[in-house]
Amino acid sequence: GAVVSQHPSWVICKSGTSVKIECRSLDFQATTMFWYRQFPKQSLMLMATSNEGSKATYEQGVEKDKFLINHASLTLSTLTVTSAHPEDSSFYICSAKPFGPSPDTQYFGPGTRLTVL
Amino acid sequence: KQEVTQIPAALSVPEGENLVLNCSFTDSAIYNLQWFRQDPGKGLTSLLLIQSSQREQTSGRLNASLDKSSGRSTLYIAASQPGDSATYLCAVNRPTDSWGKLQFGAGTQVVVTP
């Protein structure tokens, strides 16, 4: 089946630093990738939608200057948390929609645990 | 605004019992509804997808029903096993949302005891 990877799987950083998280579709090309954030015991909240070669569309309340998304190719999207603070600590999950006849299908990555000290 | 609610938030059953997980949504104008499984600290695994025109979907011991008019979906897991212990999430996709944007419920945490 289709596989989506995320790197790193976990990261600890100091407050004020920037952290980049990669999301890759390993065996398919993704028309669209989504970035979600999940706090403990809470639901996944969609942060932004990105299409290859175009600017990401951010959900209401998500700071686009703080959460930079780059979708440079059909298999890679990156999320950069700039000037991270402890309140940015969360579990970040990406998903990818493949080309093809199943428009409803999307595959999720394993997530990245970010802890900001 | 669409709101997705899952009740109960947590559930513990002995092995062999059937599981019934509920999902409700406030706006019945959905494109489809999906059920996912999430293991602790992991990503999501898709279990079942029900299109808005369908009433149910089945896969092995799993059966999901959809009543769009009442804004409800139920996931049944027959003869539960310890390996079914996980958090189960439902998510809806609205026709007004492009590119498969999903709105998730908070999930039901399931523990199946041996």
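This write-up is about the structure you can find in this document.

1. Remarks on the pattern of salt bridges
With the rule as written, the count across this model stands at five salt bridges over all chains. In this structure, Glu 59 of chain A and Lys 101 of chain B form a salt bridge, with 2.9 Å as the shortest nitrogen-oxygen distance. Here Glu 59 of chain A is found in the loop between β6 (57-58) and β7 (67-73), whereas its partner Lys 101 of chain B is found in the loop between β9 (86-93) and β10 (103-104) on a different chain. Its relative accessible area of 17% is what places Lys 101 of chain B among the buried residues. Arg 61 of chain B is the salt-bridge partner of Asp 84 of chain B, the closest N and O atoms lying 2.9 Å from each other. Residue Asp 84 of chain B is found in the loop between β8 (72-77) and β9, and its partner Arg 61 of chain B is found in the loop between β6 (56-59) and β7 (62-67); the two are separated by 23 residues along the sequence. The buried category is assigned to Asp 84 of chain B, whose relative accessible area is 6%.

2. Considerations on the interface of chain B and chain A
Between chain B and chain A, the residue contacts involve 20 residues of the former and 21 residues of the latter. Interface of chain B and chain A: buried area, both sides summed, is about 1,600 Å²; carbon and sulfur atoms make up 52% of it. Summed over the shared surface of chain B and chain A, the result is one salt bridge. For the pair chain B and chain A, the number of links is five residue pairs in polar contact (both at pLDDT 80 or more). At the level of elements, β4 (32-38) and β5 (44-51) of chain B are the ones that each hand at least two residues to the side of chain B that touches chain A.

3. Notes on the environment of Gln 106 of chain A
Following the sequence through the fold, Gln 106 of chain A ends up in the loop between β9 (90-98) and β10 (107-108). Excluding residues within four positions of it along the chain, Gln 106 of chain A makes contact with Phe 34, Tyr 36, Ser 95, Ala 96 and Lys 97 of chain A together with Gly 100 and Leu 102 of chain B. Within the local environment of Gln 106 of chain A, its side chain forms a polar contact with the side chain of Ser 95 of chain A, the two groups lying 2.6 Å apart.

4. Looking at the sheet that holds strand β3 (residues 19-25) of chain A
Residue and element names in this part refer to chain A. The antiparallel open sheet is built from four strands, whose spatial order is β1-β3-β8-β7. Looking at strand neighbours, the two that pair on one side only are β1 (4-7) and β7, the edges of this open sheet. Sheet twist, expressed as the average angle between the axes of neighbouring strands with direction ignored, equals 15°. Relative to β3, β1 runs antiparallel, the two being bridged by four bridges. The residue bridging Ser 5 from the neighbouring strand is Arg 24, located in β3.

5. Regarding a nonpolar patch on the surface
A surface patch of nonpolar side chains, amounting to about 380 Å² of accessible area, comprises Trp 10, Ile 12 and Leu 117 of chain A. Here Leu 117 of chain A shows up in the segment after β11 (112-116).

6. A closer look at unusual backbone geometry
With an omega of 0°, the peptide bond between His 7 of chain A and Pro 8 of chain A qualifies as cis. Looking at the secondary structure, you find Pro 8 of chain A in the loop between β1 and β2 (10-13). The peptide bond linking Ile 7 of chain B to Pro 8 of chain B adopts the cis configuration, its omega dihedral lying at 0°. Secondary-structure assignment places Pro 8 of chain B in the loop between β1 (4-7) and β2 (10-14). Positive phi, close to 45°, is recorded for Ala 79 of chain B, a residue that is not glycine. Mapped onto the elements of the fold, Ala 79 of chain B is located in the loop between β8 and β9.

7. A word on the environment of Ala 72 of chain A
All names here are of chain A. Following the sequence through the fold, Ala 72 ends up in strand β7. With a relative accessible area of 57%, Ala 72 lands in the exposed category. Along the primary structure Ala 72 and Glu 52 are separated by 20 residues, whereas in three dimensions their C-alpha atoms are 6.0 Å apart.

8. Section: the layout of surface pockets
Taken as a whole, the largest pocket spans an internal volume of roughly 610 Å³. Elements with a minimum of two residues in the lining of the largest pocket: β5 (44-51) of chain A together with β10 of chain B. Ranked by residues supplied to the lining of the largest pocket, first place goes to β5 of chain A with four residues. When grouped by side-chain class, the residues that make up the lining of the largest pocket number nine nonpolar, five polar and seven charged. What the second largest pocket holds in volume is close to 470 Å³. As for the second largest pocket, its lining consists of 22 residues, of which Gln 38, Pro 40 and Lys 41 of chain A together with Gln 38 and Thr 87 of chain B are closest to the centre. For the lining of the second largest pocket, the elements supplying multiple residues, two or more each, are β9 and β11 (108-113) of chain B. Here the element with the most residues in the lining of the second largest pocket is β11 of chain B; it accounts for three residues. Of the residues in the lining of the second largest pocket, the class split is nine nonpolar, nine polar and four charged.

About the thresholds
Residues numbered from 1 in each chain as written. Chains lettered and ligands numbered in written order. Predicted model: local features only at pLDDT ≥ 70, side-chain atom pairs only at ≥ 80, totals over all residues. Heavy atoms only, no water. Salt bridge = Lys/Arg side-chain N within 4 Å of Asp/Glu carboxyl O. Helix = DSSP H or I, 4+ residues; strand = E, 2+ residues; numbered from the N terminus. Buried < 20%, exposed > 50% of the residue type's maximum accessible area, 1.4 Å probe, protein only. Contact = heavy atoms within 4.5 Å. Buried area = accessible area lost by both parts, 1.4 Å probe. Polar contact = N/O pair within 3.5 Å; in protein donor to acceptor, adjacent residues only side chain to side chain. Pairing = 2+ DSSP bridges. Axes fitted to C-alpha atoms, helices over the stretch in contact; angles between N-to-C directions. Patch = residues over 30% accessible without salt bridge, like charges linked within 9 Å, V, L, I, M, F, W, Y side chains within 5 Å. Areas by Shrake-Rupley, 256 points an atom, 1.4 Å probe, with all protein chains shown as cover. 1 Å grid on protein atoms, 1.4 Å probe; cavity = no way out; pocket = protein on both sides within 12 Å on 5 of 7 lines; lining within 4 Å. Points joined across faces, edges and corners; volume = space filled by probe spheres on them. Nonpolar A, V, L, I, M, F, W, Y, C, P; charged D, E, K, R; others polar.

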